[in-house]
Amino acid sequence: MAAREAAHERVSTFLVSSDRAQASGNEIREALESSNDEAKVEAMEKAIAALLAGEQLPALFITIVRYVLPSENHQVQKLLLLYLETIEKTDANGKLLPEMILICQNLRNSLQHPNEFIRGVTLRFLTRIREEELLEPLVHSVLANLEHRHSYVRKNAVLALDAIWKLPRGELLAPDAPEVVERLLAGEADLSTRRNAFHLLVNHARDRAVAYLLSNADRVAEWGDVLQIAALDLTRRVCGDDPAQRPRFLKVVLALLQARSTAVVYEAAVTLVGLSSAPAAVRGAAATFTSLLASQSDNNVRLIVLDRLEELAARHPEVMREALMGVLRALAAPDLDVRRKALDLALDLVTLRSVEEVVGVLRKEVVRAAAASAGGSGAAGDADGGAEYRALLVAALHACAARFPAVAGAVLDGLADFLGDASAAAALDVAHFLRELAETNPELRPAALDRAIEGFPAVRAPRVAGAVLWILAEYCTSREDIHRVIQLVKECVGRLPLVPGEGEEAADGGGEEGR
């Protein structure tokens, strides 16, 4: 019972989904003994599904050894390896079962098979085997496959060696593996194989990996992207364990900032910030991130990059303020979440020196968004997204004016025209800005009142109209301004008494008749 429970708790590296009814052991055995490869494939699938479901089929093993092992069909051989991965290979004491000797011989033959697919899938299978007694006789064949002419075999041979070295006695099973893999790495042309070989050295012979990387620092920019990312991973590991090593790797990281792959460039920028907090390093990373903001079309990537910029701004605000205009380039993205995050970051970075430039950019963006909305095209022209985006821009301009009164006049010129905006939130924010300006800045109060009077006829939302009327009633103190406001209200309300016009009366009458 304990052995059965232990078997149920074993980890599986694959899932089998089948809507077929489970077959009996006799039916599976008969199909395996046939000469039909399709029948064998179906029988092997049923056997694997039954084993994963907790069935015990000990009698099938000998049948599979006799009738499946000799098969040359690739699908049958692949299913055979999955079956071998599923079955118990040790007894209750953890010792290798005697019948596994037959399997060991078959695996050795597969590792020497003339077909590269058979060799490759067998090597891949070995990465999921943890029984050292089963692996020990196969190590020589695995090493021999490192020199195979086909890259598919070589890259899987490296993976098999890596898995062997992770075992408790792995170093004893293949003591010269790092040296052999290092020689392979020096002359290998296939990118995947080189990446696997480098990864093995990183895991099990880090000094060799570091020596290889530093000796090729001048050529690292020419490597493939997966190998470059592996190099950055090694850099982070080594410098994390020994910060004194950081200067040795800066050349590599700086070279990878110019890589062709955007994924590599991003990882290099992240690594650079981790290696050095010097202003030059932070400035370089910020420039890289802002460049990615402008060049990437994936909104998820932009959001991730903005997160990194926020982290930099929290740790190095003075340096990040130099990248403010680069952050604002993210406003060209069509996604509202990207724009909101970019505006929030920009408002955190704006200073008295840069506020005029920021206000100029935001004013242009408001005009562009309004034009796009009027034209019914573009992301800003969407019914909901465009209005919400304009509200964000108006709120950002309002925040700039509140923090830096010196630019309040410029903001006033840019916002007053939006009292009649279709977005009630944007128009109400403009009204609140006018109220705040009239209260806190006496010099600009006349201009604010003039803008409120000019914009009132275009107001659509009742709350906005109420806010503007309150401003006019509160701050219009001269006789001339009061007369202007009264005349404005009369023009907007219309002639008294408030009765429907001739055309409206006819329409109302038709409605009554219809009812």
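Residues numbered from 1 in each chain as written. Predicted model: local features only at pLDDT ≥ 70, side-chain atom pairs only at ≥ 80, totals over all residues. Heavy atoms only, no water.

Across its full length, the protein holds 30 helices and 0 strands. Residues counted as buried form 45% of the 515 residues belonging to the protein. Relative to all contacts within the protein whose residues are 6 or more apart in sequence, the contacts with residues 24 or more apart total 64%. Split by element, the accessible area of the protein, about 26500 Å² in all, is 50% carbon and sulfur. (Helix = DSSP H or I, 4+ residues; strand = E, 2+ residues; numbered from the N terminus. Buried < 20%, exposed > 50% of the residue type's maximum accessible area, 1.4 Å probe, protein only. Contact = heavy atoms within 4.5 Å. Areas by Shrake-Rupley, 256 points an atom, 1.4 Å probe, with all protein chains shown as cover.)

Moving on to helix α13 (residues 191-204). For α13, which comprises 14 residues, the first-to-last C-alpha distance of 20 Å matches the rise-based estimate of 20 Å (1.5 Å per residue) to within 8%. Among the residues making up α13, those that are buried are T193, R194, N196, A197, F198, L200, L201 and V202. You can read the cap of α13 off the contacts: a side-chain oxygen lies 3.4 Å from the backbone nitrogen of S192, and it is on D190. (Expected span 1.5 Å × (residues − 1). Polar contact = N/O pair within 3.5 Å; in protein donor to acceptor, adjacent residues only side chain to side chain.)

To characterise two packed helices, one gives the angle between the axes of the helices and the distance between these axes. Two elements in contact, helix α26 (residues 424-440) and helix α28 (residues 462-475), have axes whose closest approach is 9 Å; the angle formed by their N-to-C orientations is 10°. Our classification of the angle between α26 and α28 gives roughly parallel. Contacts from A424, A427, L428, A431, L434, R435, A438 and E439 in α26 reach R463, V464, A467, V468, W470, I471 and Y475 in α28. Looking at the contact of α26 with α28, its residues break down into 12 nonpolar, no polar and 3 charged. (Axes fitted to C-alpha atoms, helices over the stretch in contact; angles between N-to-C directions. Parallel < 35°, antiparallel > 145°, perpendicular 65-115°, else oblique. Nonpolar A, V, L, I, M, F, W, Y, C, P; charged D, E, K, R; others polar.)

Attention now moves to the packing of α26 against helix α27 (residues 445-455). Where α26 contacts α27, the two axes come as close as 8 Å, and the packing angle between them is 155°. It follows that α26 is roughly antiparallel to α27 by the angle criterion. Remark: the crossing between α26 and α27 carries left-handed chirality. The segment α26 lies against α27, with L434, L437, A438 and E439 engaging R445, A448, R451 and A452. Of the residues that constitute the contact of α26 with α27, the class distribution is 5 nonpolar, no polar and 3 charged. (Left-handed = near helix turned anticlockwise from the far one by under 90°.)

Another point: helix α4 (residues 60-67). Taken together, the buried positions of α4 are L60, F61, T63, I64 and V65. Looking at the buried side of α4, the elements it contacts are α2 (25-33), α3 (37-52), α5 (74-86) and α6 (100-111).

Let us now look at the packing of aromatic side chains. Enumeration according to the criterion identifies 5 aromatic pairs in this entry. Ring centres of Y212 and W223 lie 5.7 Å apart, and the angle between their planes is 20°; this geometry places the pair in the stacked category. You can see Y212 sitting in helix α14 (residues 206-215) and its partner W223 sitting in the loop between α14 and α15 (225-241), a full 11 residues away along the chain. For the pair shown, Y212 and W223 are each scored as buried. Feature note: the residues F198, Y212 and W223 constitute an aromatic cluster, connected by ring pairs. Between R339 and the ring centre of Y389, over which it is positioned, the NZ or CZ distance is 3.9 Å. (Phe/Tyr/Trp six-rings, centres within 6.5 Å; stacked < 30°, edge-to-face > 60°. Lys NZ or Arg CZ within 6 Å of the ring centre and 35° of its normal.)

Before going further, it helps to examine the side chain of N145. Inspection of the secondary structure assignment puts N145 in the loop between α9 (139-144) and α10 (151-165). Residue classification places N145 among the buried positions, given a relative accessible area of 1%. Separated by 3.2 Å, the side chain of N145 and the backbone oxygen of L111 make a polar contact. Sequence-distant contacts of N145, defined by excluding residues within four places in its chain, comprise L111, R119, L123, V153, R154 and A157.

So, about the nonpolar core. Grouped together as the largest cluster of nonpolar side chains are 169 residues, with contacts concentrated most on Y83, L126 and F198. The element contributing the most residues to this core is α26, with 9 residues. Residues within four places of F198 in sequence aside, it is in contact with L185, A209, Y212, L213, L227, A230, A231 and L234. (Core = buried A, V, L, I, M, F, W, Y, C linked by side-chain atoms within 4.5 Å.)

With that out of the way, let us pick up the pattern of salt bridges. In the structure shown here, the tally under the stated rule is 22 salt bridges. With a closest N to O distance of 3.8 Å, R149 and E116 form a salt bridge. Taken together, the residues span a long stretch of sequence, with R149 in the loop between α9 and α10 and E116 in helix α7 (residues 116-126) at a distance of 33 residues. On the basis of relative accessibility, which here comes to 65%, the residue R149 falls in the exposed class. One salt bridge in this structure joins R484 and D450, with 3.1 Å as the shortest N-O distance. Separated by 34 residues along the polypeptide, R484 in helix α29 (residues 479-493) and D450 in helix α27 bring together distant segments of the chain. The partly exposed category is assigned to R484, whose relative accessible area is 31%. (Salt bridge = Lys/Arg side-chain N within 4 Å of Asp/Glu carboxyl O.)

Structurally, F456 is set in the loop between α27 and α28. The exposure class assigned to F456 is buried, which follows from its relative accessible area of 9%. In sequence terms F456 and C492 are 36 residues apart; their C-alpha atoms lie 8.7 Å from each other.

Moving on to the side chain of N156. Take N156: it is sitting in helix α10. If near-sequence neighbours (up to four positions away) are discounted, N156 is found in contact with G120, L123 and R124.

Topologically, H113 is positioned in the loop between α6 and α7. The exposure class assigned to H113 is buried, which follows from its relative accessible area of 19%. If sequence neighbours within four positions are ignored, H113 has contacts with E72, I118 and R119. Among the polar contacts made by the side chain of H113, one reaches the main-chain amide nitrogen of N115 at a distance of 2.9 Å.

Mean pLDDT over the protein: 84, with 89% of residues reaching 70 or higher. In this model, residues 1-8 is a region of pLDDT below 50 whose contacts with residues beyond four sequence positions or in other chains number 2 contacts. Low pLDDT, under 50, characterises residues 377-384; the stretch is placed with 14 contacts to residues that sit more than four places away or in other chains. (pLDDT = per-residue confidence, 0-100.)

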